Amino acid sequence: MAADWHLHLVEPRIDEATLRCFFHNHSGQGIEDLTYRGPEAPAVGICRHRREIAGVDAVEVGSKHWQHPWWTGKASEDLPEPIGEIINAFEDFKPVTPELVEKIRSCYELPATKMFPMESIEQYRNRVLAFLERSMGRKIFPVGW
């Protein structure tokens, strides 16, 4: 088991109804509404909104396996956890800026990435930074799959 976080672009076909339906049950999300049931929600299976979100341009930020030091208590509480820091740097549906790119770059270089090496962290960093650079000015949001 792992938490696989991704950054997704808000592409033109992703409208407010799609975002509302997709995020209605994401705890802590600004548009969370646990009583909402999308008008197109099937009784069984996933609705078109979830398929639309899954189909937009995205990049994986990193993966935290179930043996991750922050989940097992091996990492001290005051040591920032890189993937969490990256995800928390994003304000949902805000455009990518040069300042945000630099903040994300620094998150991948936190002391934690040296103390508790994460598999392929350099590759994740390079892919995420390239994705952000080519997405400059576009709206973006994180989601765990």
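That block above? That's the structure.
Residues numbered from 1 in each chain as written. Predicted model: local features only at pLDDT ≥ 70, side-chain atom pairs only at ≥ 80, totals over all residues. Heavy atoms only, no water.

Draft legend 1. Just helix H5 (residues 98–107), in detail. The set of residues buried in H5 consists of Leu100, Val101, Ile104 and Cys107. Take H5 and look down its axis: the buried residues cluster within an arc of 120°, on one side only. (Buried < 20%, exposed > 50% of the residue type's maximum accessible area, 1.4 Å probe, protein only. Helix = DSSP H or I, 4+ residues; strand = E, 2+ residues; numbered from the N terminus. Arc of directions from axis to C-beta.)

Draft legend 2. Quick look at the pattern of salt bridges. A complete count under the given rule lists 2 salt bridges for this structure. Here Arg105 makes a salt bridge to Glu102, at a shortest N to O gap of 3.3 Å. Here the residue Arg105 and the residue Glu102 both occupy positions in helix H5, the gap between them amounting to 3 residues, near one helical turn. On the accessibility criterion, Glu102 (44% relative accessible area) is partly exposed. A salt bridge links Arg125 to Glu122, with the nearest nitrogen and oxygen atoms 2.9 Å apart. With Arg125 and Glu122 both in helix H7 (residues 121–134) and 3 residues apart, this pair spans about one turn of that helix. Among the residues examined, Arg125 registers a relative accessible area of 17% and is labelled buried. (Salt bridge = Lys/Arg side-chain N within 4 Å of Asp/Glu carboxyl O.)

Draft legend 3. Up close: the environment of Ile104. Along the chain, Ile104 falls in helix H5. Residue classification places Ile104 among the buried residues on the basis of a relative accessible area of 0%. Taking the C-alpha atoms as reference, Ile104 lies 8.3 Å from Glu85; in sequence the two are 19 residues apart. Excluding residues that lie within four positions of it along the chain, Ile104 makes contacts with Ile86, Ala89, Phe90, Val128, Leu129 and Leu132. (Contact = heavy atoms within 4.5 Å.)

Draft legend 4. Fine view of the side chain of Ser135. Assignment of secondary structure puts Ser135 in the loop between H7 and strand E4 (139–144). On the basis of relative accessible area, Ser135 is assigned to the buried category, the value being 1%. Side-chain polar atoms of Ser135 contact the backbone oxygen of Phe131, separated by 2.7 Å. Here Ser135 is in contact with Leu9 and Val96, once residues within four sequence places are set aside. (Polar contact = N/O pair within 3.5 Å; in protein donor to acceptor, adjacent residues only side chain to side chain.)

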